[in-house]
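Residues per chain, in single letters:
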Amino acid sequence: MSATSATTPEIKLQVQSLAKLYGQTIALDHVDLEVRKGELLTLLGPSGSGKTTLLQLICGLQEPSSGTVVIDGKDQTHAPVNKRDIGVVFQNYALFPHMTVVENVGFALKMRGLPKVEIDTKVAKALETVGLTHAAGRAPSQLSGGQQQRVALARCLVYDPAIILMDEPLGALDAKLREVMQIEIKRIHRETGATIIFVTHDQQEALALSDRICLMNNGKIAQLGTPRQMYEEPQNLFVADFIGVSSIIRGTVKDGALQTTLGLLPISGARPSNGTNGAIVVRPEAISLGEGFCEGRVRETVYGGSDMRVIIDAGEQEIIARATAATGDIEVGKTVRFGWAPDAVRFLIDKD
Ligand SMILES: Nc1ncnc2c1ncn2[C@@H]1O[C@H](COP(=O)(O)OP(=O)(O)OP(=O)(O)O)[C@@H](O)[C@H]1O
Ligand SMILES: [Mg+2]
C-alpha cells in the first residue's frame, strides 16, 4: 500500500468523454465521471437528461458514439455485458414468475455452473441481507412490490459484482415503501461495501441516499458533489433550482447589489460587474418571517408536520418561506414582512 492510498480513494469506474448520439439527439454529451470503490453515487436529473443512457453505456447495453468506460483500471468500452462484472437492477424487476424466490436469486449462479452447495450458501446469505429468508420458497406473485424489489436486489448481490447499477429501482413503489427501501438500500450498501450507481429523478431520494450526487442536465453533468455541497453550494441556477426548495430572485447587478423587482438586494462575497444578470437563491430556512426589508401577501400555507411552508407573492416574485411553531400567526391573504441575512443566501450568475 502506498503512502497516499489512505487519502486517495480507489477508483472503481472511470467514464471519459463519453458521448452517445441517437440520430440528431445528443443523449450524452462528453461526460467525465469517476466513481469511487464502495461509494453510493446517484445519477439525478430531469426526464431525458441522459441518466439511463449513461447506465446503459456503463454496463454495455449500448455502444457509445465516443469515449471510454474503464472498470477496475481496465478499458471495458467494447466488452460485452456479461464480461463486465456489473449487476443491474431495473425499475420493473422482471422476476421469473414460475420460479421461487430461491430459484430466482440462484439463477445466475446456476447458469455459471457453480456447485449446488456453493449456490445454496450464497443465496441464503443474499436473502438474509435483504431480509427475505422467510419467503425463500414463495413465488414472486406471493410477494409485495417491496419484497419483489428485494428479490431483484438479492439476485444482483448474490454474485458480488464489481458495480451495481440501479435504474429507478423504487419508482414502482408507494411513498411509504420507497422510504423503507431507501433505508434498506443504505443498510445493504453499508454492510456489503458494494459500489452502487443509483438512478433517480427524485431529489429527495438522492439527498437521502447518496455519498455523492451527479446531477445531469441535457446529457451533461450540471454538478457533482456530496448532498450537502449540492444543497449548500450549488454552482449554477439549474442546480439551485433542482436540489431542494428555493426562491430564485433574478435581477441585474448594479454597484455590487442586485436590482430586482423586490428592490436593490445586497450580494455577499463576489463583486460581479455592473450589468451582469444573475439571481439570489434563498432557501426557505434562511427567510425570517414577520420582519425584514421586503413585503408580500401570503398566497398559500402548506402544513408539513414539523413545520409549515408559506408561499408569498411579493409582486411578481414568488417567495417560499418556512414557518415553525415559533413563528407568529400566518394567515392566507394577509400581508407579511420578511427578509434574510445577506450571508445566508447565494448569488449565482445566470448563464442562460
Ligand atoms: N433508444 C433510443 N433511441 C432514440 N433516442 C433515445 C433512445 N434512448 C434515449 N433516447 C433519447 O436520449 C435522451 C436521454 O434519454 P435517457 O433515457 O438517457 O434519459 P433519462 O435521464 O433516463 O430520462 P428518464 O428520467 O425519463 O428515464 C432523451 O432525449 C431520449 O429521448
Ligand atoms: Mg431513464
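As annotated in an unreviewed UniProt entry, the protein carries the name ABC transporter and is attributed to Pararhizobium polonicum. One UniProt comment on the protein, placed under Sequence similarities (unreviewed entry), says "Belongs to the ABC transporter superfamily."

Caption draft 1: Structural view of the overall build of the protein. When helices and strands are tallied, the protein shows eight helices and 19 strands. Here the analysis covers contacts within the protein between residues at least 6 apart in sequence; of these, 66% occur between residues at least 24 apart. Taken as a whole, the protein presents about 17,500 Å² of accessible surface, with 50% of it coming from carbon and sulfur. Distance from the positive charge centre (36 side chains) to the negative charge centre (40 side chains) of the protein: 4 Å.

Caption draft 2: Highlighting the site of ligand 1. Close to ligand 1 lie Tyr-22, Thr-25, Ala-27, Pro-46, Ser-47, Gly-48, Ser-49, Gly-50, Lys-51, Thr-52 and Thr-53, which account for all nearby residues. Contact distances for ligand 1 include 2.7 Å between an oxygen atom and a side-chain N or O atom of Lys-51. Within the residue set of the shell around ligand 1, elements represented by two or more residues are β2 (25–36) and α1 (51–59). Of the residues forming the shell around ligand 1, the biggest block, three residues, is contributed by α1. A per-class count over the shell around ligand 1 returns three nonpolar, seven polar and one charged.

Caption draft 3: Quick look at helix α2 (residues 101–111). Residues Val-101, Asn-104, Val-105, Gly-106 and Leu-109 constitute the buried set of α2. Residues of α2 that are buried sit in contact with α3 (116–129) and α4 (145–157). Phi turns positive one or two residues past the end of α2, at Gly-113, with a value near 75 degrees.

Caption draft 4: Layout of the domain arrangement of the protein. Split by domain assignment, the protein resolves into domain 1 (11–237) and domain 2 (249–349). Its C-alpha centre places domain 1 at a distance of 39 Å from the equivalent point of domain 2. Tallying the contact residues gives eight residues for domain 1 and eight residues for domain 2. With both sides pooled, the region where domain 1 packs onto domain 2 buries about 660 Å², and carbon together with sulfur makes up 56% of that total. In terms of surface lost to domain 2, no three residues of domain 1 exceed Tyr-231, Pro-234 and Leu-237, which account for 80% of the buried area on that side. The interface formed by domain 1 and domain 2 contains zero salt bridges. Examining the composition of the side of domain 1 that touches domain 2, we find that three residues originate from one element, helix α7 (residues 227–232), more than from any other. Per-class residue counts for the side of domain 1 that touches domain 2 are four nonpolar, two polar and two charged.

Caption draft 5: Structural view of the sheet that holds strand β14 (residues 277–282). Spatial ordering of the open sheet is given by β13-β12-β11-β14-β19, a layout of five strands whose pairing is antiparallel. Edge positions in the sheet fall to β13 (263–266) and β19 (346–349), since each of these pairs with one other strand and no more. Taking each pair of neighbouring strands and ignoring which way they run, the sheet shows an average axis angle of 40 degrees. Bridging between strand β11 (residues 247–254) and strand β12 (residues 257–260) involves three bridges; their strand directions are antiparallel. Residue pairing for β12: Lys-254 is matched across the bridge by Ala-257.

Caption draft 6: Inspection of a nonpolar patch on the surface at higher detail. A contiguous nonpolar surface patch, about 240 Å² in accessible area, is contributed by Leu-61, Val-81 and Phe-90. Along the chain, the position of Phe-90 falls in the loop between β6 (86–89) and α2.

Caption draft 7: Spotlight on the pattern of salt bridges. Counted under the stated rule, the structure contains 17 salt bridges. The partner of Glu-184 in a salt bridge is Arg-187, with the nearest N and O atoms 3.0 Å apart. In this pair, Glu-184 and Arg-187 are both assigned in helix α5 (residues 175–192), three residues apart and thus about one turn of the helix distant. Comparing Glu-184 with Arg-187 shows no difference in burial state: the two are buried. Asp-313 is the salt-bridge partner of Arg-299, the closest N and O atoms lying 2.9 Å from each other. You can see Arg-299 sitting in strand β15 (residues 288–303) and its partner Asp-313 sitting in strand β16 (residues 308–314), a full 14 residues away along the chain. The class of Arg-299 is partly exposed, set by a relative accessible area of 34%. Connected via shared salt-bridge partners are Arg-150, Glu-184, Arg-187 and Glu-191.

Caption draft 8: Local environment of unusual backbone geometry. Residues other than glycine seldom take positive phi values, yet Ser-17 does so here, at roughly 45 degrees. For Ser-17, the position within the fold is in strand β1 (residues 11–22). Not every positive phi belongs to a glycine, and Asp-72 is a case in point at roughly 50 degrees. We classify Asp-72 as partly exposed; its relative accessible area is 41%.

Conventions used here
Numbering of residues begins from 1 in every chain and follows the order in which that chain's sequence is written. By the order in which they are written, chains take letters starting at A while ligands take numbers starting at 1. Local features in this predicted model are restricted to residues of pLDDT 70 or higher, and side-chain atom pairs are both shown and tallied only at a pLDDT of 80 or more, whereas totals for entire chains, interfaces and linings draw on every residue. By convention in this description, side-chain values take in all heavy atoms of the structure and omit both hydrogens and water. UniProt positions are given in the numbering used here, feature names are shortened, and annotations may be inferred rather than shown by experiment. Each helix corresponds to a stretch of at least 4 residues labelled H or I by DSSP, and each strand to a stretch of at least 2 residues labelled E; elements are numbered beginning at the N terminus. We call two residues contacting when some pair of their heavy atoms lies within 4.5 Å. Areas reported here follow the Shrake-Rupley algorithm with a probe of radius 1.4 Å; residue values treat only the protein chains shown as occluding. Charged-residue counts in this description rest on Lys and Arg as positive and Asp and Glu as negative, His and the chain ends being excluded. For charged residues, the charge sits on one atom: NZ in Lys, CZ in Arg, CG in Asp, CD in Glu. If a single non-hydrogen atom of a residue is within 4 Å of a molecule or strand, that residue counts as near it. Identification of polar contacts relies on pairs of N or O atoms within 3.5 Å, with a donor-acceptor requirement for protein atoms, meaning one able to donate a hydrogen and the other able to accept it, and with residues adjacent in sequence counted only if both atoms are side-chain atoms. Basically, the charged four are Asp, Glu, Lys and Arg, the nonpolar ten are Ala, Val, Leu, Ile, Met, Phe, Trp, Tyr, Cys and Pro, and anything else, Gly included, counts as polar. Throughout, exposure labels follow a simple rule: accessible area from a 1.4 Å probe, protein chains only, divided by the maximum for the residue type, with under 20% read as buried, over 50% as exposed, and the rest as partly exposed. Residue ranges assigned to the domains are those given by an automatic or database domain assignment. When two parts are put together, the accessible area they lose, computed with a 1.4 Å probe and summed over both, is reported as buried area. Salt bridges are identified by distance alone: a Lys or Arg side-chain nitrogen within 4 Å of an Asp or Glu carboxyl oxygen. Here, strands pair whenever DSSP counts at least two bridges between them. The axes used here are C-alpha line fits, helices contributing only the stretch in contact, and every angle between their N-to-C directions lies in the interval 0 to 180 degrees. The residues that make up patches have over 30% relative accessible area and no salt bridge, and they are joined within 9 Å when like-charged or within 5 Å when they are Val, Leu, Ile, Met, Phe, Trp or Tyr.

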